[in-house]
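Results of the structural survey
Each chain, letter by letter, is given below.
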Amino acid sequence: MGKFSEDFKAFILKGNIVDMAVGVVVGGAFNKIVTSLVNDIIMPLLGLAMGGLNVTDMKYVFSEAVMDANGVVTKAEHALTYGNFLQTIIDFLIIALSVFVALRVFAKLQKKRIEDEKK
């Protein structure tokens, strides 16, 4: 068992594993920031521009809910709720754009460094 734990410790302490772990943690935090940006800023402004509509409430109703005389639902509504999906797509696009820009800047810096080393 001692050899296994030594090998595992060596694996975990490799620089690229630690870097990857840091990347995952930072990526998770970045995801929360982007989700808040979309949920709390972009979507309310988009809803306001659409006449006060809450985008997350957007849906296509196949059949309305049926209620009895007391207002109790006897048959549930059947609907395709696509508002949250649209919001998630906007999240994804912002994250993808941010990663693209970061990688592009990194590639330019890397290229400049290589060109400077050749001089």
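These notes cover the structure that comes with them. On a predicted model such as this, the values are computed, not experimentally measured, just so you know. Note on numbering: residues in each chain are counted from 1, in written sequence order. The predicted nature of this model means local features are confined to residues of pLDDT at least 70 and side-chain atom pairs, given and counted, to a pLDDT of 80 or more, with totals for whole chains, interfaces and linings taken over all residues. Values reported for side chains reflect all heavy atoms of the structure, with hydrogen atoms and water molecules removed beforehand.

Soluble, globular proteins show a tendency: their nonpolar side chains are buried together. With 5 residues, the main nonpolar core is built from Val-34, Val-38, Met-43, Val-55 and Met-58. Here, residues are in contact when the closest pair of their heavy atoms is within 4.5 Å. In contact with Val-55, not counting residues within four places along its chain, are Met-43, Leu-46, Gly-47, Met-50, Gly-83 and Leu-86. Residues belong to a common nonpolar core when they are buried Ala, Val, Leu, Ile, Met, Phe, Trp, Tyr or Cys residues joined through side-chain atoms within 4.5 Å. Here the term buried applies to any residue with accessible area under 20% of the maximum for its type, exposed to any over 50%, and partly exposed to those in between, with areas from a 1.4 Å probe on protein chains only.

A word on the packing of aromatic side chains. Put simply, two rings from Phe, Tyr or Trp (the six-membered ring, in Trp's case) pair if the centres are within 6.5 Å, and we call them stacked under 30 degrees between planes, edge-to-face over 60, tilted for the rest. What the rule picks out here adds up to 1 aromatic pair. Consider the rings of Tyr-60 and Phe-62, whose centres lie 5.2 Å apart with planes at 80°: the pair is edge-to-face.

Numbering of helices and strands runs from the N terminus; a helix is a DSSP stretch of H or I covering at least four residues, while a strand is a stretch of E covering at least two. Relative to the elements of secondary structure, Asp-91 occurs in helix H3 (residues 83-118). In this tally, Lys and Arg are treated as positive and Asp and Glu as negative; His is ignored, and so are the chain termini. By definition here, a salt bridge exists when the distance from a side-chain nitrogen of Lys or Arg to a carboxyl oxygen of Asp or Glu is within 4 Å. One buried charged residue, Asp-91, remains without a salt bridge, the closest side chain of opposite sign being Lys-32 at 13 Å. Under the rule applied, a polar contact is a pair of N or O atoms within 3.5 Å (in protein, one hydrogen donor and one hydrogen acceptor; residues adjacent in sequence only if both atoms are side-chain atoms). A distance of 3.3 Å separates a polar atom in the side chain of Asp-91 from a polar atom in the side chain of Thr-35.

With the rule as written, the count across this model stands at 3 salt bridges. With a closest N to O distance of 3.3 Å, Lys-3 and Asp-7 form a salt bridge. Placement of both Lys-3 and Asp-7 in helix H1 (residues 2-12) is noted, with a separation of 4 residues, approximately one turn of the helix. Take Lys-3: its relative accessible area is 57%, and that puts it in the exposed class. Two residues, Arg-113 and Glu-117, come together in a salt bridge whose shortest N-O distance is 2.8 Å. Taken as a pair, Arg-113 and Glu-117 lie in helix H3 at a separation of 4 residues, close to a single helical turn. Given a relative accessible area of 55%, Glu-117 falls into the exposed group.

All right, on to the side chain of Gln-87 then. Mapped onto the elements, Gln-87 comes out in helix H3. We classify Gln-87 as buried; its relative accessible area is 9%. Those residues in contact with Gln-87, other than ones at most four positions away along the chain, are Val-38, Asn-39, Met-43 and Thr-56.

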